[in-house]
Amino acid sequence: MKKTLLSIFSIVTLVMGVSSCNKDAKEENIGFTASMEACVDQESKTVLDGVHVNWVANDQIIIYGSEGSGIFTAVPHTDNPTIADLTNGTANPGSAKYYAFYPVEIARGPRQFTQNAVQTSEDGSLTEFPMYAESDERNIAFKNIFGALKINLQSANLPAVKAIEITVSEDIRNKDLNGDYTIRQYGVSPTIRLDANGSKTTRLEMTTAQDITNGHDFYIAMPHGSYVGLQIRVYDEMDNLIATKTLKADRSLYIGRSQVTNINLSL
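Described below are features of the structure shown in this document. (Residues numbered from 1 in each chain as written. Predicted model: local features only at pLDDT ≥ 70, side-chain atom pairs only at ≥ 80, totals over all residues. Heavy atoms only, no water.)

1. Some points on the overall build of the protein chain
Point 1. When its secondary structure is counted, the protein chain shows 2 helices and 22 strands.
Point 2. Counting over 267 residues, the protein chain shows a buried share of 45%.
Point 3. Surface summary for the protein chain: the accessible area is close to 13100 Å², and the carbon and sulfur share equals 49%. (Helix = DSSP H or I, 4+ residues; strand = E, 2+ residues; numbered from the N terminus. Buried < 20%, exposed > 50% of the residue type's maximum accessible area, 1.4 Å probe, protein only. Areas by Shrake-Rupley, 256 points an atom, 1.4 Å probe, with all protein chains shown as cover.)

Structural data, given as structure tokens:
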């Protein structure tokens, strides 16, 4: 994601440059703000490192309204980057009720989204954490849809890590890790329903292989729930399998919505 902040001057220039015939439509696209929900760890402390807890300039959000949808760009507040103004809408979504997703790539409709089986990150941090919001106003308060598994890997002997796969048991008690979902309920805690294309394997791929000699944290977004038979596979830059760890069959792993669950592995 680019981190170039739009200056006040550029925003003013953009607005003034709109022709009079488009003025009303453009004004309808300006005025949204977006806030985000913090993630907490297992001790209910706010997670700051490795998790997308602040808006970054040029983050893109899709908003659905009465007349369709529009994609908006985030301009974070300098004094509080958990809040952003949303500008440069590609289309006017119309009036409320509004439905919004971040990132835009996951959205399939006002309450439908897809969580892909492959998550990407530059260094293992959580950059594709899905968020959703419903609002009767232009203040859009996003909530996290999933929780996250933080895997700390450490080894003095293994090469740099380029990818991690996690697979859960086929046991009927397990939920799938990804697929096509519908938001069932928003409220205090969004709930979801898997509609199709569920999979019990999720892969995290890094654009830059990460050295784990002194330990390194890798974050993977997962739906809320308890999982058993979890297997973790680690791959190097040539996509060679270099390590496998399997949790005991009678041990369950709990992932809470908007929470980070930790696993430490010395390989």
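2. Points about the pattern of salt bridges
Point 1. A complete count under the given rule lists 11 salt bridges for this structure.
Point 2. Residues Asp180 and Arg108 are paired through a salt bridge, measuring 3.9 Å at the closest nitrogen-oxygen approach. With Asp180 in strand β14 (residues 178–185) and Arg108 in strand β6 (residues 107–109), this residue pair connects regions lying 72 residues apart in the sequence.
Point 3. Close ionic contact of Glu165 with Arg203 constitutes a salt bridge, the shortest N to O distance being 3.0 Å. (Salt bridge = Lys/Arg side-chain N within 4 Å of Asp/Glu carboxyl O.)

3. With respect to the packing of aromatic side chains
Point 1. Applying the stated criterion across every chain, the model contains 10 aromatic pairs.
Point 2. Seen from their ring centres, Trp55 and Phe142 are 5.7 Å apart, and the 70 degrees between their planes marks the pair as edge-to-face. Residue Trp55 is found in the loop between β1 (32–35) and β2 (60–65), and its partner Phe142 is found in the loop between β10 (139–141) and β11 (143–144); the two are separated by 87 residues along the sequence. Summarising the burial analysis for this pair, Trp55 and Phe142 share the class buried.
Point 3. One Lys or Arg, Arg138, reaches over the ring of Phe32 and ends 4.4 Å from the middle of that ring. (Phe/Tyr/Trp six-rings, centres within 6.5 Å; stacked < 30°, edge-to-face > 60°. Lys NZ or Arg CZ within 6 Å of the ring centre and 35° of its normal.)

4. Observations concerning the sheet that holds strand β20 (residues 241–246)
Point 1. Read across the sheet, 5 strands follow the order β8-β16-β13-β19-β20 without closing on themselves; strand pairing throughout is mixed. Whereas interior strands pair on both sides, the edge strands pair on one side only; in this sheet they are β8 (118–121) and β20. The sheet shows a mean angle of 15 degrees between the axes of neighbouring strands, direction not considered.
Point 2. Direction of pairing for β8 relative to strand β16 (residues 201–210): parallel, over a ladder of 4 bridges. Along β16, the bridge assignment pairs Thr120 with Glu205. (Pairing = 2+ DSSP bridges. Axes fitted to C-alpha atoms, helices over the stretch in contact; angles between N-to-C directions.)

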